[in-house]
Amino acid sequence: MGFARTCSVTLLGIDAVVVEVQADLEPGVAAFALVGLPDKSLVESRDRVRAAVVNSGAEWPQKKLTVGLSPASVPKSGSGFDLAVACAVLGATERIDPAAIADLVMIGELGLDGRVRPVRGILPGVLAAADAGYRHVVVPESSAAEAALVPGMSVLGVRSLRQLVAVLAGETVPEEEPLAPGRPDPLLAGLSMPGAGFGTGVIPGLTDRQPDLADVAGQYTARRALEVAAAGGHHLLLHGPPGAGKTMLAERLPGILPPLTRPESLEVTAVHSVAGMLPPGRPLVESPPYCAPHHSATMQSLVGGGAGMPRPGAVSLAHRGVLFLDEAPEFHGQVLDSLRQPLESGYVVIARSAGVVRLPAKFLMVLAANPCPCGRSGLVGDPCECPPTMVRRYQARISGPLLDRVDLHVRVDPIGRAELHRDRADNESTSVVAVRVREARERALARYRDEPWHCNSEVPGHELRTRWPLAPGALDAVARDLERGLLTARGLDRVLRVAWTLADLAGQDRPDAAALALALELRTGVRRGAALTTGAPA
């Protein structure tokens, strides 16, 4: 009779739970039983592990073999248990010392030839192991850089089961046959899911040339609103006719956002690792992500879900970055309204029969909308042919409660020929605007240094109204709009947040009446004579 145990991890959303993998050998008819609430892909590991052990030069036990996954009440899924199951079996047969694997956490899928393939969720798995007190982890060689992001963990990257057995047994580590020059490495196939690309929500920075604000002709009001949104973390609605530059502006917003801090980078990397969107050779996401789902996206693809344990959706892939919804009225109404909770709380709670998971979703939302189905409403010389009822019905597709959560409402008008052919050498570049945004964020951080908030959009309205007073008389115009019913209580709080962002951008210690008027104009879309188009050439 032989017994051995080691550890692995299972993913629950973007979190992970350490699972003890136990192997027990008893006299009897040769059989392999896997218990502990495994899913279909984990049940199939019996055949993969058996073939990998035999093809690695070890002997498969001809006894009754039982592999248990504990705790048995937690659902287990995925192929990342293969490496731990194989080592537990070899420990039970005493091919390796059972004591050598008892305190190891192993994550990896096995090929039939014994090679170790990467799996999703290496980073959250290693983080869970570190939190549980483990200090040694074995991962696929191609995922070692991702696992090494966790401080205090000793990481061993292996390319095959043969190499791991040799290391644990104290034998000479065999060299794996190198790939032919120019041949793709099949082991990298598990690092990314099919369809992962720039347009589906991965990190800006995968292209050689980043979108630059200097490329945008005109649109000085929208450019200023983009800067305010980045400085304060405010949600933005761009509405205007097709071809005015709404998408072009939204694609340049991630470039002016401040770089991610180390904790934020680990959060974003964990989400992208679980989603299978970490590109090979880039284990850490260091810049704000950008996600632009198509308007045909389902609710599950947007907020997360799927069969079995829920997986991250577009709002989680845009965590700490930008979620851009182009042609927003074309999205299904229920899909858009599902964004209300993450916009307020910064996370999504998804309940399924397999369990309840909480996914992070603190993003900056940008909506782009045409004024009517044909897009020509309000244009001079190109009259709109849509009936007024159709225009109202089209604009009502974005519900009032969702629009109430959007701080900045900006109309993007088409530019003329003169503006289009103007020399853009004087246009402010992304790097210039990013400096002002970073300085405004630093002022906000200094103001909230003893508080849990990092930018103005996160501060509760009660705190802004009571702890940080405005300049005398600054609230007169806001009070009139509130009394007339043009502004809700939530709208008042959001106007105050935008006003503080404008004050931070201007280097003022508190907002004045001009900042409140400008914030009201950005909130309501009604011109109030405020100087919004700063940065326009003379």
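Coordinates for the structure precede this section.
Keep in mind that this is a model prediction, so the values were computed, not measured.

Some thoughts on the overall build of the protein
Across its full length, the protein carries 23 helices and 16 strands. When burial is assessed residue by residue, the protein has 50% of its 538 residues classed as buried. Contacts spanning at least 24 positions in sequence make up 72% of the contacts within the protein whose residues lie at least 6 apart. If you sum the accessible surface of the protein, you get close to 23,600 Å²; carbon and sulfur atoms cover 52% of it.

A closer look at the environment of Leu 213
Structurally, the position occupied by Leu 213 is in the loop between helix H7 (161–169) and helix H8 (220–232). Residue Leu 213 is classed as buried on the basis of its relative accessible area of 1%. C-alpha separation for the pair Leu 213 and Thr 430, spaced 217 residues apart in sequence, amounts to 5.0 Å.

Comments concerning the sheet that holds strand S12 (residues 322–325)
Adjacent strands of a sheet form backbone hydrogen bonds with each other and so pair up, either parallel or antiparallel. Pairing is parallel in the open sheet, where five strands are placed in the order S11-S12-S15-S10-S16. Each edge of the open sheet carries a strand with a single partner, namely strand S11 (290–291) and strand S16 (408–411). Both strand S10 (residues 236–239) and strand S15 (residues 364–369) contribute to a ladder of four bridges, which runs parallel. Within the sheet, the bridge partner assigned to Leu 238 lies in S15 and is Ala 368.

A word on the nonpolar core
Grouped together as the largest cluster of nonpolar side chains are 58 residues, with contacts concentrated most on Val 126, Val 315, Leu 323, Leu 325, Leu 339, Phe 363 and Met 365. At six residues, helix H5 (residues 122–131) tops the list of elements feeding residues into this core. Once you skip the residues sitting within four places of it in the chain, Val 126 turns out to touch Ile 107, Val 137, Ala 147, Val 150 and Met 153. The next biggest cluster of nonpolar side chains, apart from the first, holds 54 residues, and it includes Ala 225, Leu 249, Val 322 and Trp 468.

Some words on the packing of H8 against helix H22 (residues 489–506)
Helix-helix packing is characterised by the crossing angle of the two axes and by the distance between the axes. It is at 9 Å that the axes of H8 and H22 come closest, and there the two elements cross at 100°. Overall, the two elements H8 and H22 adopt an arrangement that is roughly perpendicular. Contacts between H8 and H22 involve Arg 224, Glu 227, Val 228, Ala 231 and Gly 232 from the former and Val 498, Thr 501, Leu 502 and Leu 505 from the latter. Of the residues contributing to the contact of H8 with H22, the split by class is five nonpolar, two polar and two charged.

Considering the pattern of salt bridges
With the rule as written, the count across this model stands at 23 salt bridges. Here Arg 411 and Asp 413 are joined by a salt bridge, their closest N and O atoms 2.7 Å apart. We classify Arg 411 as partly exposed; its relative accessible area is 33%. A salt bridge links Arg 447 to Asp 504, with the nearest nitrogen and oxygen atoms 2.9 Å apart. Residue Arg 447 is located in helix H19 (residues 430–447), and its partner Asp 504 is located in helix H22; the two are separated by 57 residues in the primary sequence. When sorted by exposure, Arg 447 lands in the same class as Asp 504, which is buried. Three or more residues joined by partner-sharing salt bridges are found here, namely Arg 224, Glu 227, Glu 428 and Arg 436.

A word on the pairing of strand S1 (residues 2–12)
Buried residues dominate S1, accounting for eight of its 11 residues. The sheet contact formed by S1 and strand S2 (residues 15–26) spans 11 bridges and is antiparallel. Bridge pairing links Thr 10 to Val 17 in S2. Hairpin connection, S1 to S2: the antiparallel pair is bridged by two residues, and Gly 13 has positive phi, about 70°.

Definitions and cut-offs
- Residues numbered from 1 in each chain as written.
- Predicted model: local features only at pLDDT ≥ 70, side-chain atom pairs only at ≥ 80, totals over all residues.
- Heavy atoms only, no water.
- Helix = DSSP H or I, 4+ residues; strand = E, 2+ residues; numbered from the N terminus.
- Buried < 20%, exposed > 50% of the residue type's maximum accessible area, 1.4 Å probe, protein only.
- Contact = heavy atoms within 4.5 Å.
- Areas by Shrake-Rupley, 256 points an atom, 1.4 Å probe, with all protein chains shown as cover.
- Pairing = 2+ DSSP bridges.
- Core = buried A, V, L, I, M, F, W, Y, C linked by side-chain atoms within 4.5 Å.
- Axes fitted to C-alpha atoms, helices over the stretch in contact; angles between N-to-C directions.
- Parallel < 35°, antiparallel > 145°, perpendicular 65-115°, else oblique.
- Nonpolar A, V, L, I, M, F, W, Y, C, P; charged D, E, K, R; others polar.
- Salt bridge = Lys/Arg side-chain N within 4 Å of Asp/Glu carboxyl O.

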